[in-house]
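Below, each chain spelled out in residue letters.
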Amino acid sequence: MTHRPEKVSSALAERELDLLLVSHLVNVRWLTGFTGSSAAAVVGVGGDRVTRRFLTDFRYLSQSQEQLDAAWEREIVQDLLEGVAAGLPQEGAVRLGFDDETMSVRTHARLAELVPDGVELVAAGGLIEDLRMVKDAEEVQRIRAAALLADAALEQVLQRGLAGRTEHEVAFDLETELRRMGASGPSFPSIIASGAHGALPHAEPRDVEIPDGVLVTIDWGAQLDGYASDCTRTYATGDIDPRDGQVYALVLQAQAAALAAVRPGPKGREVDAVARSIIDAAGHAEHFGHGLGHGVGLDVHEGPRLSKQGETALAAGMVVTVEPGVYVPGAVGVRIEDLVIVTDDGAEVVSSLPKEMQFVA
Ligand code: ZN
Ligand code: ZN
């Protein structure tokens, strides 16, 4: 990850910032490799004004030494903000970017009091997040590993069946299996939603037995080596209502069409529109109320957005989900989600489980 500070330096120059304070821990991790719970970094533009400060407290003295490369100047401080301010240029005009998306109003006020007079605090939220959208080979490998682990965990759970167990039991079984296989945990609370409950896109697992002859939506992911995976499959627990079969076929068709549109170039909203137009044409426009997908990395939900608001053009190295759904209130819900790497000339689907309708009793 030695190239990451250089990328930040280039982005600083574009925004005419002298320094960036990185305070959001996920961003600190991306930038430095540090995985502890208390840290900040200050990065400068390149050239003769290179700054690579890393600040943490005494608990992380040895961990930070192991995890950071020598380019970082490590400072062990009692108070991160005081430490940051003390090391800033005490004279001259300095534009210091801070993360206005994650820094609390209280912390900002304190920082403003602590910094030298010449320092101007400039909102720079999203600067690191924009860089995080494009993954390097090591990150892609970690996401791939998380996805394969998650798939293997669900396969184990499905062998024990769905019908007759409660949604909550299946969720617990899945999360246990994820950990047993080496994940640090699920990347988000698993969704197990059967029958009409599947019409809630973010359904919480209930203490309700999964019946025969319904669809069950399972949305789950693993967190492994810091990186997340995200996938959804919808299973049938026996012969289903033909109406449910039609909805399934429609979502599968929309998902395949959207996948085929993933490559460098199109904006997120253009890929979203591919799936949406198919679902709209089938009369289900109002039943697909969420975006088509999102980026996945250190966070399970990050940029870019594949939705009506998605103005970011896809680029090689982005990792995104493609997850259309149709939710008919009181009746049925289907979502099919793959994790996808944008490659130089197209896309590679990482999710390995079949998407043709699977029957799991
Ligand atoms: Zn998902
Ligand atoms: Zn998702």
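Remember, it's a predicted structure, so these values are computed and weren't measured experimentally.

How do you make sense of the packing of aromatic side chains when you look at a structure like this?
The geometry of an aromatic ring pair is captured by two quantities: the separation of the ring centres and the angle between the planes. If you walk through the whole model with that rule in mind, you get two aromatic pairs. Aromatic side chains F34 and F54 sit 5.0 Å apart centroid to centroid with 70° between the ring planes, which places their arrangement in the edge-to-face category. Here F34, found in the loop between α2 (25–32) and β2 (39–44), pairs with F54, found in strand β3 (residues 52–56); they are 20 residues apart in sequence, far enough to count as distant. The buried category is assigned to F34, whose relative accessible area is 1%. F54 sits in the buried class, given a relative accessible area of 0%. Their ring planes at 90° and their centres at 5.2 Å tell us that F34 and Y60 sit as a pair that is edge-to-face. Residue F34 is located in the loop between α2 and β2, and its partner Y60 is located in the loop between β3 and α3 (61–67); the two are separated by 26 residues in the primary sequence. Under the relative-accessibility criterion, Y60 is labelled buried at 13%. Ring-pair connections join several aromatic residues into one group, and the members of that group are F34, F54 and Y60. We note R276 situated over the ring of F288; from NZ or CZ to the ring centre the distance is 4.0 Å.

Teacher, can you tell me more about the pairing of strand β9 (residues 215–220) here?
With six of six residues buried, β9 is to be regarded as a mostly interior element. Where burial is concerned, the two faces of β9 agree: the one with L215, T217 and D219 and the one with V216, I218 and W220 are both buried. Note: strand β8 (residues 191–194) against β9, four bridges, orientation antiparallel. Bridge pairing in β9 links I192 to I218. Pairing analysis gives six bridges linking β9 to strand β12 (residues 231–236), with the strands arranged antiparallel. In the sheet register, I218 faces β12, and the bridge partner there is R233.

Rules used throughout
Residues numbered from 1 in each chain as written. Chains lettered and ligands numbered in written order. Predicted model: local features only at pLDDT ≥ 70, side-chain atom pairs only at ≥ 80, totals over all residues. Heavy atoms only, no water. Phe/Tyr/Trp six-rings, centres within 6.5 Å; stacked < 30°, edge-to-face > 60°. Helix = DSSP H or I, 4+ residues; strand = E, 2+ residues; numbered from the N terminus. Buried < 20%, exposed > 50% of the residue type's maximum accessible area, 1.4 Å probe, protein only. Lys NZ or Arg CZ within 6 Å of the ring centre and 35° of its normal. Pairing = 2+ DSSP bridges.

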